[in-house]
Amino acid sequence: MLKKLDTRIRLALIYGSGREGRFCDKVAGWAVSQVEGDGPFELAIIDPGTLELPPRHVGSGHPALEEARQVIDWADGFIVVTPEYNRAYPAILKFLIDSIGPEWRGKPVGFVSYGGISGGLRAVEQLRLVFGELHAAPIRDGVAFSDAWNRFDSEGTLIDADRAEQAMATMLAQLHWWASALRNARQTVPYGQFAPA
Ligand SMILES: Cc1cc2nc3c(=O)[nH]c(=O)nc-3n(C[C@H](O)[C@H](O)[C@H](O)COP(=O)(O)O)c2cc1C
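Residues numbered from 1 in each chain as written. Predicted model: local features only at pLDDT ≥ 70, side-chain atom pairs only at ≥ 80, totals over all residues. Heavy atoms only, no water.

The chain goes by NADPH-dependent FMN reductase in an unreviewed UniProt entry, where it is assigned to Bosea minatitlanensis.

Examining the overall build of the chain
A tally of regular secondary structure across the chain gives five helices and six strands. Across the chain, helices and strands are ordered from the amino to the carboxyl terminus as β-α-β-α-β-α-β-α-β-β-α. Its C-alpha atoms put the chain at 55 × 45 × 25 Å along the principal axes. Taking all 197 residues of the chain together, the buried fraction comes to 46%. Looking at the chain alone, contacts between residues at least 24 apart form 81% of all its contacts between residues at least 6 apart. Total accessible area on the chain stands at roughly 10,300 Å², and carbon and sulfur atoms take up 51% of it. The distance from the centre of the 20 positive side-chain charges to the centre of the 24 negative ones in the chain is 6 Å. (Helix = DSSP H or I, 4+ residues; strand = E, 2+ residues; numbered from the N terminus. Buried < 20%, exposed > 50% of the residue type's maximum accessible area, 1.4 Å probe, protein only. Contact = heavy atoms within 4.5 Å. Areas by Shrake-Rupley, 256 points an atom, 1.4 Å probe, with all protein chains shown as cover. Lys, Arg positive; Asp, Glu negative; His and termini not counted. Charge placed at Lys NZ, Arg CZ, Asp CG, Glu CD.)

Concerning the packing of aromatic side chains
Summed over the entire model, instances satisfying the criterion amount to eight aromatic pairs. Seen in terms of ring centroids, Phe23 and Tyr114 are 5.9 Å apart; in terms of plane orientation they differ by 50°. Their pairing is tilted. Note that Phe23 is positioned in the loop between β1 (9–15) and α1 (24–38) and Tyr114 in strand β4 (residues 108–114), a separation of 91 residues in sequence. The pair Phe23 / Tyr114 is uniform in exposure class, with both members buried. (Phe/Tyr/Trp six-rings, centres within 6.5 Å; stacked < 30°, edge-to-face > 60°.)

Notes on helix α5 (residues 162–185)
For α5, spanning 24 residues, the distance from its first C-alpha to its last is 35 Å, which sits close to the expected 34 Å at 1.5 Å a residue. Among the residues of α5, those classed as buried are Ala164, Met168, Met171, Leu172, Leu175, His176, Ala179, Ser180 and Leu182. (Expected span 1.5 Å × (residues − 1).)

Here we look at the packing of helix α3 (residues 91–99) against helix α4 (residues 121–133)
With their axes 11 Å apart at the nearest point, α3 and α4 run at an angle of 10° to one another. With respect to α4, the element α3 is oriented roughly parallel. Seen from α3, the contacting residues are Leu93, Lys94 and Ile97; seen from α4, they are Leu127, Val130 and Phe131. Tallied by class, the residues present in the contact of α3 with α4 amount to five nonpolar, no polar and one charged. (Axes fitted to C-alpha atoms, helices over the stretch in contact; angles between N-to-C directions. Parallel < 35°, antiparallel > 145°, perpendicular 65-115°, else oblique. Nonpolar A, V, L, I, M, F, W, Y, C, P; charged D, E, K, R; others polar.)

Observations concerning unusual backbone geometry
Omega for the bond connecting Val189 with Pro190 falls within 30 degrees of zero, at 5°, which places this linkage in the cis form. Relative to the helices and strands, Pro190 is located in the segment after α5. Within the chain, Asn86 stands out as a residue other than glycine whose phi angle is a positive 50°. Structurally, Asn86 can be placed in the loop between β3 (77–83) and α3. Phi angles above zero are rare outside glycine, and Arg87 is one such case at about 65°. For Arg87, the position within the fold is in the loop between β3 and α3.

As structure tokens, then:
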């Protein structure tokens with residue numbers, strides 16, 4: 001029988017929307033409940049909506065970014081919960097991604113997306129390119145909510161949850177495998193202590 005890895009993995013869940021009144025809270029709330037119910041994960045949240053990010057300080061040592069950088073450095077892997085804005089992902093998410101450097105390297109990234117008919121998948125396709133550039137490892141399977149505003153009730157409870165729960169479990173299993181495999185590997189050349197790529 002094949003063995004399942006049980007290494008304890010540190011996950012950071014990143015909100016993609018910082019918009020007031022955002023739908024992201026419902027989707028991210030559901031994703032958090034799935035991670036907490038799933039397995040050997042420690043979870044931290046990065047919410048650009050609460051970070052008071054400085055608009056012109058990409059790459060600086062601003063305290064809000066330093067806080068995010070520390071969590072990204074701590075994490076073994078990430079879940080990005082993103083909507084789709086004009087066929088892409090929100091600018092605040094790009095700002096956060098670009099403001100952090102080598103701390104992304106050698107770590108897997110899973111996606112939970114939402115939107116209209118596309119379920120946010122066009123945003124995710126772009127994020128795959130971005131995280132590839134950062135030497136991170138985008139996970140193949142993910143969760144996408146099309147017509148998202150009709151999928152959750154007013155309390156934020158997901159309606160007809162079975163398929164999404166299965167998709168999330170698949171994604172978490174892959175994320176866990178990659179994070180376990182890469183945790184020691186990224187301590188070596190060319191990634192150890194951010195060795196030059
Ligand atoms: C500027 C803007 C552009 C949008 N563009 C798209 C789009 O291209 N595709 C889509 O499915 N939904 C689009 N939407 C609808 C969003 O998916 C929807 O408003 C969602 O709730 C946004 O997530 P948020 O509320 O967490 O910010 C757009 C919304 C905004 C505000």
